[in-house]
Amino acid sequence: MSKKSKHNISKNNTYVFPHFNPRLSPVPVRRFHFPEGFVFGASTSAYQIEGAIDTVAYGRGRSIWEDYFAARPHLDNGEVACDHYQRMVEDVAMIKKMGLKAYRFSVSWPRIIPAGTGAVNAQGLEFYSRLVDELLKNGIEPYLTLYHWDLPAAMQDLGGWTNRAVAEHFADYAKVVVERLGDRVKKWCTFNEPEVIVAGYIGDGLAPGLKNPALRVAVGHNLLLAHGLATKVLRQAGAALKSKSYEGDLEVGIVLNLVPAEPASATVSAKTAARRQWQRNYGWYMDGLFKGKYPRVVQLEARRTGVSISAADMELIRQPIDYLGINWYLRQVVTGRGRVIRVPGAKETLMGWEIHAPALTTMLLNMKSEYRQLPPLYITENGAALKDERTASGVHDLGRMTYTYDHISALEMASLQGVDIRGYFAWSLMDNLEWSLGYSKTFGLVHVDRETQVRTVKDTGLWYSAVIKANSRGKAASRKGSGRR
Ligand code: IFM
């Protein structure tokens, strides 16, 4: 490091914070028109960043990513990931330096209850307790997700999410976590992206990789049941713990990845096909949660695949939640024949996902008019896998900066038109394990050197940091009340 360098380097050389001049930023650093209390944060998930999966050293049980993807040794795995388990304190210091007001992370079921049910791994639970303390000490609000895809292998041995009993075990696990952390964590989320969890049963790109399309509705329905059971547990525990360190009740939500389907043309057939595409794949989670009834296309599929759905199930699923988290990445464009097409000339990320921010505004406005019971919303993930250029002066990623600006602006448009939107979380805080795609697809605000683990805040991270600063100026640090219906 030359003396002249303006880079800021952390005490232990863990992260580098290059100099950034907001006035010279190629993308505007401005105040957005969001309501008071709007929160800017970033997200991660346990398996994608923690490492420390060794059962002996860390007491963690095996997950489906080890045992059910074991036949694929060529794939990158989560053995080291971002080594966050060891570097947690410095990572929180970096989050603080970036000015993030909130941090969304997941806790790992196999780390806390290695066999999925029964004995608790005290070391694992303690890790999250320390993380929460560290965040609070630094003025960062924890947003905790109970399940971000790392099912204990022992639960998969029972059939995983095809088995309703696993939903009960999940609720017991939620109880263990809330009893330990509920005095300090206010924002709780049951599941991250049920639709993608289902994808691991009907395809082979994600664990457990069962390739059985007939399991689609059974798995999705059991996940929503598990959400309902855990929500009850969290509420009960919350009431018992009431107002230890924060005002009011703890808030419970779920995170859905929503991909709106837009018709490729103005024809009736294209509109009908787009509606069907949405309802079959994404809308049914919304309908279950906020209407207490699945759309017809899903009811028929349930009947065809032998899934019985009772009125009591739907009551459990539709119980009020305090917020809905939305992970937003792309839209789909659908022809009259129901084919999802690529829009000629459209820009795409390295995931092959179309970049089209206006669809976010449209989707939010449509949701507002379709779902009367919609709770307050958060964008709990949004980001892009794009090329990063690493030079001596930093990590340059103008494409991601533009993408992020455009999406926050699209969110602002929805907010100005009356959508109750309370926060935005970038995916992801740092480059991490993109599941079976390994470390090749990077979404981070922060670059992670795979050899040294040194973190370097990318240009987008620096820009985001400046945006947060610009949006905090002059605002009282007020906290909104619970959004419960
Ligand atoms: O990395 C994933 C994350 O785990 C869930 N949401 C989408 C991200 C990008 O694919």
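These lines cover the structure that appears in this document, whether it is placed above or below. Just so you know, these numbers come straight off a predicted model, no measurement behind them.

Calculation rules
Every chain is numbered on its own, with residues counted from 1 as its sequence reads. Given that this is a predicted model, residues contribute local features only at a pLDDT of at least 70 and side-chain atom pairs are listed and counted only at 80 or more, while totals for whole chains, interfaces and linings are drawn from all residues. Side-chain metrics rest on all non-hydrogen atoms present in the structure, leaving aside hydrogens and water. Runs of E in the DSSP output that reach at least two residues are strands. Runs of H or I that reach at least four are helices, and both are numbered from the N terminus. Taken over C-alpha atoms, the radius of gyration is set against a globule rule of 2.2 Å times the number of residues to the power 0.38. When accessible area is computed with a 1.4 Å probe and restricted to protein chains, residues below 20% of their type maximum are described as buried, those above 50% as exposed, and intermediate ones as partly exposed. Any two residues whose heavy atoms approach within 4.5 Å are treated as being in contact. Only four residue types enter the tally: Lys and Arg on the positive side, Asp and Glu on the negative side; His and the chain ends are excluded. In plain terms, the charge of a residue is placed at NZ if it is Lys, CZ if Arg, CG if Asp and CD if Glu. Residue proximity to a molecule or strand is established when one non-hydrogen atom of the residue lies within 4 Å of it. Think of a polar contact as two N or O atoms within 3.5 Å of one another; within protein, one of them needs to be a possible hydrogen donor and the other a possible acceptor, and neighboring residues in sequence only count if both atoms come from side chains. With residues, only the protein chains shown are counted as cover, and all accessible areas are computed by Shrake-Rupley using a 1.4 Å probe. Two aromatic rings from Phe, Tyr or Trp, using only the six-membered ring of Trp, form a pair when their centres are within 6.5 Å; if the ring planes differ by under 30 degrees the pair is stacked, by over 60 it is edge-to-face, and anything between is tilted. Any Lys NZ or Arg CZ found within 6 Å of a ring centre and within 35 degrees of that ring's normal is scored as a charge over the ring. Paired strands, as defined in this entry, are two strands with at least two bridges between them according to DSSP. Lines fitted to the C-alpha atoms define the axes, with helices restricted to the stretch that makes contact. Angles between their N-to-C directions range from 0 to 180 degrees. What makes a salt bridge here is a side-chain nitrogen of Lys or Arg within 4 Å of a carboxyl oxygen of Asp or Glu, nothing more. By this rule the span expected of a helix is its residue count minus one, scaled by 1.5 Å.

We now examine the overall build of the chain. Looking only at helices and strands, one finds 16 helices and 17 strands in the chain. In terms of C-alpha radius of gyration, the chain reaches 22 Å, essentially the compact-globule figure of 23 Å for 485 residues. Oriented by its inertia axes, the alpha-carbon framework of the chain measures out at about 70 × 55 × 50 Å. Counting over 485 residues, the chain shows a buried share of 60%. Restricting to contacts in the chain with at least 6 residues of sequence separation, those with at least 24 account for 78%. Between the mean site of the 62 positive side-chain charges and the mean site of the 47 negative ones, the chain shows a separation of 6 Å.

Further remarks concern the site of the ligand. As a structural note, the neighbourhood of the ligand is formed by Gln-48, His-148, Trp-149, Asn-192, Glu-193, Tyr-329, Trp-353, Glu-381, Trp-427, Glu-434, Trp-435 and Phe-443. Between the ligand and the protein, one listed contact pairs a nitrogen atom with a side-chain N or O atom of Glu-193 at 2.7 Å. Compared with its free state, where it exposes 280 Å², the ligand has 95% of that area covered by protein.

Looking now at the packing of aromatic side chains. Overall, the coordinates contain 38 aromatic pairs when judged by the stated rule. Ring centres of Phe-38 and Phe-40 lie 5.1 Å apart, and the angle between their planes is 70 degrees; on these two criteria the pair is classed as edge-to-face. Among the aromatic residues, those joined into a ring-pair cluster are Phe-32, Phe-34, Phe-38, Phe-40, Tyr-405, Tyr-424, Trp-463 and Tyr-464. Over the ring of Phe-17 we find Lys-97; its NZ or CZ atom is 4.8 Å from the centre of that ring.

In this section: the environment of Pro-73. Here Pro-73 shows up in the loop between helix 3 (64-67) and helix 4 (84-98). Expressed as a C-alpha distance, the spacing of Pro-73 and Val-89, which sit 16 residues apart in the sequence, is 31 Å.

This part is about the sheet that holds strand 8 (residues 261-263). Pairing in this open sheet of 3 strands is mixed, and the strands run 8-10-11 from one edge to the other. Each edge of the sheet is formed by a strand with only one pairing partner; in this case those strands are strand 8 and strand 11 (340-341). In this structure, strand 8 lies alongside strand 10 (residues 332-334), joined through 3 bridges in parallel fashion. What sits directly across from Pro-263, in strand 10, is Val-334. Sheet contacts for helix 11 (residues 268-290): strand 8, strand 10 and strand 11; angle to strand 8, the most-contacted strand, approximately 175 degrees.

Sheet strands pair by backbone hydrogen bonding; their relative direction is either parallel or antiparallel. The mixed open sheet is built from 4 strands, whose spatial order is 1-2-17-16. Of all the strands in the sheet, just strand 1 (8-9) and strand 16 (446-448) have a single pairing partner and so form its edges. Alignment of strand 2 (residues 15-17) against strand 17 (residues 455-457), held across 2 bridges, turns out to be parallel. Counted as the bridge partner of Val-16 is Thr-456 from strand 17. Against the sheet, helix 4 makes contact with strand 1, strand 2, strand 16 and strand 17, and its axis sits at roughly 10 degrees relative to strand 2, the strand it touches most.

As a further point, take the pattern of salt bridges. Tallied over the entire structure, the rule returns 31 salt bridges. Lys-175 serves as the salt-bridge partner of Glu-179, at 3.1 Å between the closest nitrogen and oxygen. Taken as a pair, Glu-179 and Lys-175 lie in helix 8 (residues 164-181) at a separation of 4 residues, close to a single helical turn. We classify Lys-175 as partly exposed; its relative accessible area is 40%. The residue Arg-216 makes a salt bridge to Glu-301 at a minimum N-O spacing of 2.8 Å. Of this pair, Arg-216 sits in helix 10 (residues 216-241) while Glu-301 sits in helix 12 (residues 296-304); the two residues are 85 residues apart in sequence, bridging distant segments of the chain. Arg-216 gets classed as buried once you look at its relative accessible area, which sits at 6%.

With that settled, consider unusual backbone geometry. Backbone torsion omega between Ala-207 and Pro-208 reads 5 degrees, so that peptide bond is classified as cis. By secondary structure assignment, the location of Pro-208 is in the loop between helix 9 (194-202) and helix 10. Cis rather than trans, the peptide bond between Trp-427 and Ser-428 has omega equal to 5 degrees. Along the polypeptide, Ser-428 turns up in the loop between strand 15 (421-427) and strand 16. Phi is positive for Ala-81, close to 50 degrees, though the residue is something other than glycine. Summarising the element assignment, Ala-81 is placed in the loop between helix 3 and helix 4.

A word on the pairing of strand 6 (residues 187-192). Summarising burial for strand 6: 6 of the 6 residues are buried, a large majority. The pairing of strand 6 with strand 7 (residues 251-257) spans 4 bridges and is parallel. Counted as the bridge partner of Asn-192 is Val-255 from strand 7.

Our focus in this paragraph is helix 6 (residues 122-137). Across its 16 residues, helix 6 extends 22 Å between first and last C-alpha, which sits within 8% of the 22 Å expected from 1.5 Å per residue. What helix 6 keeps buried is the set Gly-124, Leu-125, Phe-127, Tyr-128, Ser-129, Leu-131, Val-132, Glu-134 and Leu-135. Next to the buried residues of helix 6 lie helix 1 (46-49), helix 4, strand 4 (102-106), helix 5 (109-112), strand 5 (141-147) and helix 8.

Everything listed is a geometric property; what it means functionally is a separate question.
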